[in-house]
Amino acid sequence: MSLDWAAIDRWLMGEAWVGSQIEQHLAMLCQRIGPRWSSSDDERQAAAYICERMEAAALADARLESFPLDTWEHGPATGTVIANGQVADGRPIDLLPLLYCPPVDLRGPLVDVGFGMPHELSAVRDQLPGAIAIVNLSPEPFSTPKPLADRLRSLRDAGAVAALVVERKSGGRMEYHSATEWRTSGELEHPLPSVVTSREDGALLRALAAAGRRFAIQAPSRTYRAAGTNTVADLPGAHWPDEWLVIGAHHDTVPDSPGGNDNASGTSVVLELARVLSLLRQEQGVAPGCSIRFLTFGAEEQALQGSYAYVARHHRTGPLPRLALNLDELAAGPIKGVVLQFPHLRPLIQRTLDTLGEGLQCHVLAHLDASSDWFPFARRGIPSALPWRWRFVGRHPDADFHHEPGDTADKVRPRELREYVGLLARLLLRLSQLPPAEWPANMLCVDDIEARLKDELGTVPRTM
Ligand SMILES: [Zn+2]
């Protein structure tokens, strides 16, 4: 039976627009539930809501999958200036521990190390043993950038006892950052106890360092074992039910962030894609050719532990999905195309995008990217993709929020998300209708991918 694509496209774009539940999902996730740190009751509430919406959309077997999680929490973090061995007058300085930072309670002289590059460290090497180093989050301009984890490791090796990492954003904003390298194995061990300070307080602390002052940092925290939650729901294929396309987004957030852009935006689009494609089947009798799985992940913000758990549980052996598409930070810009982690599907995806007639482009990332949930899929040899949102063309300036309290639902543009839903539904349905023989064989080899990862360690991904 040949499909009337013009009629299907009209129906999908119309339903994505007029029937949209985007605002309802954003209000529930960001406002009624709020921050959704994986393992918290709030995360469980978000996962239950997602599962209930999947059931309401008549998806098969909507379910929660819990997974063991190495998690972490922290108390209020503050810094104080020490004079003559005593806490000096003046306000305490608010600090934010880097994710998974061990508990910190120490004092030491302040030493400004700029960007933490080798030439800067050698200039102050004799002052570093026992010191609290002040280092910029951003890599040094013009030189080959070094990852923060590497710069912190050099500070530790030079004898520093802690780092004050100066935020790049201004106006007192501080984000949760990670000091660990996610391209290895989701390594959670810290190179050096590190806390973030605001750009403005960073400038103040640098002046205090020049004046030879000492500083005290108190940042209590603990790591512990808990459980995170993924959600899974399926739309079975009419022709090739054992062949799969996978579409996912993380529903968790860092502490204290309502996670509008990161990532109620992607989660809402996954829910909407499930709804419109299921309704297309019910109302128009058009089902996908292969099966489509809709996923939301917990613990993306905790070294991708939710997507690692999903891949370990479902893809240890056996046939792999044809493609896994991951949605993250969709408020950053409108959809411009698809970025693949590996090149072999590029002609097929570009040909399929061309049939949409929307000018969408398919590109291939030059390095392996561990910054979101497509990484565990890619690492397992599953063809993986992200929508092209903003990189190289500029991000919406008012949506430059992720790991901070300001990442609220009002930064998200629901009309752009409706466009994501309509265009991605048309793309997924077309890909699902391609007979298995039209898909190039997946020749990805896990050993080659691991070797490539090793090669790329120590570099700063160009997309960051
Ligand atoms: Zn995210």
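Rules used in this analysis
Residues numbered from 1 in each chain as written. Predicted model: local features only at pLDDT ≥ 70, side-chain atom pairs only at ≥ 80, totals over all residues. Heavy atoms only, no water. Helix = DSSP H or I, 4+ residues; strand = E, 2+ residues; numbered from the N terminus. Contact = heavy atoms within 4.5 Å. Areas by Shrake-Rupley, 256 points an atom, 1.4 Å probe, with all protein chains shown as cover. Domains from an automatic or database assignment. Buried area = accessible area lost by both parts, 1.4 Å probe. Salt bridge = Lys/Arg side-chain N within 4 Å of Asp/Glu carboxyl O. Buried < 20%, exposed > 50% of the residue type's maximum accessible area, 1.4 Å probe, protein only. Core = buried A, V, L, I, M, F, W, Y, C linked by side-chain atoms within 4.5 Å. Donors = N, O, S within 2.8 Å, 3.2 Å for Na, K, Ca; no water. Tetrahedral: all angles 85-135°; square planar, octahedral: opposite > 155°, others 65-115°.

**Looking at the overall build of the chain**
- Along the chain, the regular secondary structure elements total 12 helices and 16 strands.
- Dimensions of the chain along its principal axes, counting C-alpha atoms only, are 85 × 45 × 40 Å.
- By sequence separation, contacts in the chain at least 24 residues apart represent 82% of the contacts at least 6 residues apart.
- Summed over all atoms, the accessible surface of the chain reaches about 18300 Å², with 53% contributed by carbon and sulfur.

**As for the domain arrangement of the chain**
- Split by domain assignment, the chain resolves into domain 1 (5-72 + 225-456) and domain 2 (76-219).
- The C-alpha centroid of domain 2 is placed 35 Å from the C-alpha centroid of domain 1.
- Contacts between domain 1 and domain 2 engage 25 residues on the former and 17 residues on the latter.
- Buried surface at the junction of domain 1 and domain 2, summed over both partners, amounts to about 1800 Å²; 55% is from carbon and sulfur atoms.
- Where domain 1 packs against domain 2, one counts three salt bridges.

**Re the pattern of salt bridges**
- Per the stated rule, a full pass over the model turns up 29 salt bridges.
- A salt bridge links Arg-430 to Asp-9; the nearest nitrogen and oxygen atoms lie 2.8 Å apart. Placement of the pair is Arg-430 in helix H11 (residues 414-433) and Asp-9 in helix H1 (residues 5-18), with a sequence separation of 421 residues. Here Arg-430 and Asp-9 have matching classes, each one buried.
- Here Arg-322 and Glu-243 are joined by a salt bridge, their closest N and O atoms 3.0 Å apart. With Arg-322 in the loop between helix H8 (305-314) and strand E13 (323-327) and Glu-243 in strand E11 (residues 240-250), this pair connects stretches of sequence that are 79 residues apart.
- The exposure class of Arg-322 is buried, given its relative accessible area of 7%.

**Things to note about the nonpolar core**
- With 68 residues, the main nonpolar core has Met-54, Val-269, Leu-273, Leu-277, Phe-294 and Leu-327 as its most contacted residues.
- Formed by 48 residues, the second largest nonpolar core is a distinct cluster that contains Trp-37, Leu-128, Ile-132 and Leu-208.

**Details of the environment of Pro-383**
- Counting through the fold element by element, Pro-383 comes out in the loop between helix H10 (374-379) and strand E16 (384-388).
- Since its relative accessible area comes to 4%, Pro-383 is described here as buried.
- Residues Pro-383 and Leu-325, spaced 58 residues apart in sequence, show a C-alpha to C-alpha distance of 8.7 Å.
- Not counting residues within four places of it along the chain, the set of residues in contact with Pro-383 comprises Pro-321, Arg-322, Leu-323, Ala-324, Phe-342, His-344, Leu-345, Asn-442 and Leu-444.

**Remarks on the coordination of the zinc ion**
- Coordination sphere of the zinc ion, protein contribution only: His-250 (NE2), Asp-262 (OD), Asp-328 (OD) and Asp-328 (OD), at 1.9 to 2.6 Å.
- Coordination at the zinc ion is irregular, judged from the four donor atoms that bind it and the angles of 52 to 147 degrees they form at the metal.
- Donor residues for the zinc ion sit on one chain with the sequence pattern H-x11-D-x65-D. Here Asp-328 lies in the loop between E13 and strand E14 (337-340) and Asp-262 lies in helix H7 (residues 260-284), a separation of 66 residues in the sequence. Per residue, the accessibility class of Asp-262 equals that of Asp-328, and both read buried.

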